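Reading the structure
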Amino acid sequence: MTEEKEEEELKPWEQHSRVISIPRFDYNSPSSLLQRSHSGFLLTCTIKREKSATKEAISILHKRLESSNTAGDSKRRKVCTDDTGGKCADGAEINSIEEDSAGGGLQKNECHSSVKTATNAETDFDMSLVKLTRNGLLLLTFPREHSPNTINIVSNIFQSLGSGSLKSPVWCHRIFPIQATCVLKEKELQATVSKLVLQFVNDEQNKLSRPVKFAVGYNRRGFEEKQNKIPKDTKDSDVLALLDRNKCFTIVAAAVKEVVSDSTVDLKSPELSVLVELLPISGLPSELLVVGVSVLPQKLVTTKPRLSIRALVSGTNAKNG
């Protein structure tokens, strides 16, 4: 197929390349994720089409973030100056995302603290694009502690898809709303789950029966690779132990029952689902792992073939989620 032919058949998201700037990786994110919890979105997408999927995700999320009205501080910009020697004021060095891949070299003269769009149509998209070690995944995090409700945003996306006001995405398969992140350690994971479950049961919008039916999902993307990279002297640490699915399930279930004593596991029709996603973040020491955690209502999950966030589009686009 010729280049002219390809241009004629560009989908809407491809056409957006002219109105949405190419995001840059935030290389300050790994250290920030170790220091405190972040919220954001983990997206699965077509492998080797990460750049197209990033533009698509920005387009989908932008209007919903704009309507959430986060106290007006989304308009803050961090720019490079000659006095900083090509570095951002906060020390973050940012790199342009390479064409649909997880790699890329640092461009010294370009730095921003978060993804920014550069047109009148899409402005001040204040999220950080985190570099990952695996293809077919995108991670966008909020750089601020007080951020929009990610679950409400994803719920709104599904409502818009159902009503037809939002066209079905081409490259993005699933959007997992991350409510919190933590280092993969027993105490940190238990505390994070307990906090999120408490928020869920205290939310009057969530009508729960008794006993409360719950389920736990654990996605260990790159588990084998991570296990092999952990130094031998840390083999007995709880880092490796928590990579075990059963161990993680036990800890999460205990955290749920600590908050809701009258609860029971139900894998077929859970009222609340605790999903834990291992985040393959580039730049972290091999012995330090970070997970994204969310407590989701029944309407946002599917239980077949396994517990996971619903696919944005049914059919072939969802099979890789």
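Let's shift gears to helix 9 (residues 245–259). The end-to-end C-alpha distance of helix 9 is 22 Å, a good match for the 21 Å that 15 residues give at a rise of 1.5 Å each. Every buried residue belonging to helix 9 is among Cys 248, Ile 251, Val 252, Ala 253, Ala 255 and Val 256, and all of these are buried. Two to three positions downstream of the cap, the backbone nitrogen of Asn 246 sits 3.2 Å from a side-chain oxygen, assigning the N-cap of helix 9 to Asp 244.

The next thing to look at is the nonpolar core. If you look at the biggest cluster of nonpolar residues, it comprises 45 residues, and the most contacted ones within it are Phe 41, Leu 43, Leu 139, Ile 157, Ile 281, Leu 296 and Leu 312. Those elements that provide at least two residues to this core are strand 2 (40–45), helix 4 (50–68), strand 4 (128–130), strand 5 (137–141), helix 5 (150–163), strand 6 (172–178), strand 10 (272–279) and strand 11 (290–297). It is helix 5 that provides the largest number of residues to this core, a total of 6 residues. For Ile 281, the residues in contact, after removing those within four places along its chain, are Pro 30, Leu 33, Val 130, Lys 131, Leu 132, Thr 133, Leu 139 and Val 290. With 31 residues, the next largest nonpolar core counts Val 212, Leu 240, Leu 289 and Val 295 among its residues.

Right, let's talk about the sheet that holds strand 10 for a bit. The 5 strands lie next to each other as 7-11-10-8-9, forming an open sheet whose pairing is mixed. The open sheet has two free edges, formed respectively by strand 7 (180–183) and strand 9 (263–265), since each of these has just one partner strand. Each strand axis lies, on average, 30° off the axis of its neighbour in the sheet, ignoring direction. Here helix 9 sits on the sheet and contacts strand 8 (212–219), strand 9 and strand 10; the angle it forms with strand 8, its principal contact strand, is near 145°.

Basis of the calculations
Residues numbered from 1 in each chain as written. Predicted model: local features only at pLDDT ≥ 70, side-chain atom pairs only at ≥ 80, totals over all residues. Heavy atoms only, no water. Helix = DSSP H or I, 4+ residues; strand = E, 2+ residues; numbered from the N terminus. Expected span 1.5 Å × (residues − 1). Buried < 20%, exposed > 50% of the residue type's maximum accessible area, 1.4 Å probe, protein only. Polar contact = N/O pair within 3.5 Å; in protein donor to acceptor, adjacent residues only side chain to side chain. Core = buried A, V, L, I, M, F, W, Y, C linked by side-chain atoms within 4.5 Å. Contact = heavy atoms within 4.5 Å. Pairing = 2+ DSSP bridges. Axes fitted to C-alpha atoms, helices over the stretch in contact; angles between N-to-C directions.

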